[in-house]
Amino acid sequence: MFYNFIMVLLKILIRILNGKTSVYGKENIPEDEKFVLVAPHHSILDPVFIGIAAYPHRFSFMAKQELFNIPILNWIIRGLNAFPVDRKKPGVSAIKTPVNYLKNNELNVLIFPTGSRYSTELKGGAITIAKLGKSKIVPAVYSGPLTIKDLLLRKKATVAFGQPFEIKRKIEGVDDVNAYYSEVMQNSFDALEENAEKNVI
């Protein structure tokens, strides 16, 4: 209930402050199975716009453990299904927690595997989580306000969802499966961003 309340509240606020968000490819999101949603990360507004665009699908997501030390924020992000991760030493829980959500058919998982110095490791993490959770990966991209100032200036916002793909443990002729799927993921991001800019999605 809390997750739904926050999503509806954010959707109303974003609509008032920034106008209508253009959403493409939402039909690519699986309806009858849990999935891992991955997207490039540019600012704190990425998860807000993408989460709203994907709603009513519900997600769990990683958040740096320092945020959980702030009482009110801790209560809010836990209500939004966030779980703490030590960025320097992610540990087993960084994989185990989202995999359990997927395998138990409880929540989808939202991961931002690019946009930081941990991007290569996080891409591999997203692939591992999807593989162990026996779930498809759905690529997505966000284009729009990156700051509160941009938001107030009503900069056009777009969210695009790409075709889902499965993670196979072995691929004939491929030695490094993680590297292969990292490239698939990046190519999906590039294509979605290019098409979004041309408004041809």
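This section reports on the structure supplied with the text. Bear in mind the structure is a predicted one, so any value in this text is a computation, not a measurement. (Residues numbered from 1 in each chain as written. Predicted model: local features only at pLDDT ≥ 70, side-chain atom pairs only at ≥ 80, totals over all residues. Heavy atoms only, no water.)

## Comments concerning the overall build of the chain
Alright, step 1. In terms of regular secondary structure, the chain is built from seven helices and seven strands.
Alright, step 2. The secondary structure elements of the chain, listed N-terminal to C-terminal, are α-β-β-α-β-α-β-α-β-α-β-α-β-α.
Alright, step 3. Within the chain, residue pairs in contact and separated by at least 24 positions form 70% of the contacts whose partners lie at least 6 positions apart.
Alright, step 4. For the chain, the exposed area adds up to about 11300 Å²; of that, 55% sits on carbon and sulfur atoms. (Helix = DSSP H or I, 4+ residues; strand = E, 2+ residues; numbered from the N terminus. Contact = heavy atoms within 4.5 Å. Areas by Shrake-Rupley, 256 points an atom, 1.4 Å probe, with all protein chains shown as cover.)

## Topic: the packing of aromatic side chains
Alright, step 1. Applying the stated criterion to the full structure yields five aromatic pairs.
Alright, step 2. A centroid spacing of 5.7 Å and a plane angle of 80 degrees characterise the contact between Phe 35 and Phe 59, whose relative ring orientation is edge-to-face. With a gap of 24 residues between them, Phe 35 in strand S2 (residues 35-40) and Phe 59 in strand S3 (residues 59-64) connect regions that are remote in the sequence. The same class applies to Phe 35 and to Phe 59, which are both buried.
Alright, step 3. Ring geometry for Phe 49 and Tyr 142: centres 4.9 Å apart, planes at 25 degrees, overall stacked. (Phe/Tyr/Trp six-rings, centres within 6.5 Å; stacked < 30°, edge-to-face > 60°. Buried < 20%, exposed > 50% of the residue type's maximum accessible area, 1.4 Å probe, protein only.)

## Looking at a positive patch on the surface
Alright, step 1. A cluster of basic residues, Lys 11, Arg 15, Lys 20 and Lys 26, forms a positive patch on the protein surface.
Alright, step 2. With respect to the helices and strands, Lys 26 occurs in the loop between strand S1 (22-24) and S2. (Patch = residues over 30% accessible without salt bridge, like charges linked within 9 Å, V, L, I, M, F, W, Y side chains within 5 Å. Salt bridge = Lys/Arg side-chain N within 4 Å of Asp/Glu carboxyl O. Lys, Arg positive; Asp, Glu negative; His and termini not counted. Charge placed at Lys NZ, Arg CZ, Asp CG, Glu CD.)

## Structural notes on unusual backbone geometry
Alright, step 1. Geometrically, the link from Tyr 55 to Pro 56 is a cis peptide bond, its omega value of 20 degrees lying close to zero.
Alright, step 2. Positionally, Pro 56 belongs in the loop between helix H2 (46-54) and S3.
Alright, step 3. You will see that Asn 81, though not glycine, has its phi angle at about 70 degrees, which is positive.
Alright, step 4. Counting through the fold element by element, Asn 81 comes out in the loop between helix H3 (71-79) and strand S4 (82-85).
Alright, step 5. With a phi angle near 60 degrees, Arg 154 is a residue other than glycine that sits in the positive phi range.
Alright, step 6. Here Arg 154 shows up in the loop between helix H6 (148-152) and strand S7 (158-161).

## Thoughts on the pairing of S2
Looking along a regular strand, one sees side chains alternate from face to face of the sheet.
Alright, step 1. In terms of burial, S2 is largely enclosed, as six of its six residues are buried.
Alright, step 2. The side-chain alternation of S2 yields two buried faces, one formed by Phe 35, Leu 37 and Ala 39 and the other by Val 36, Val 38 and Pro 40.

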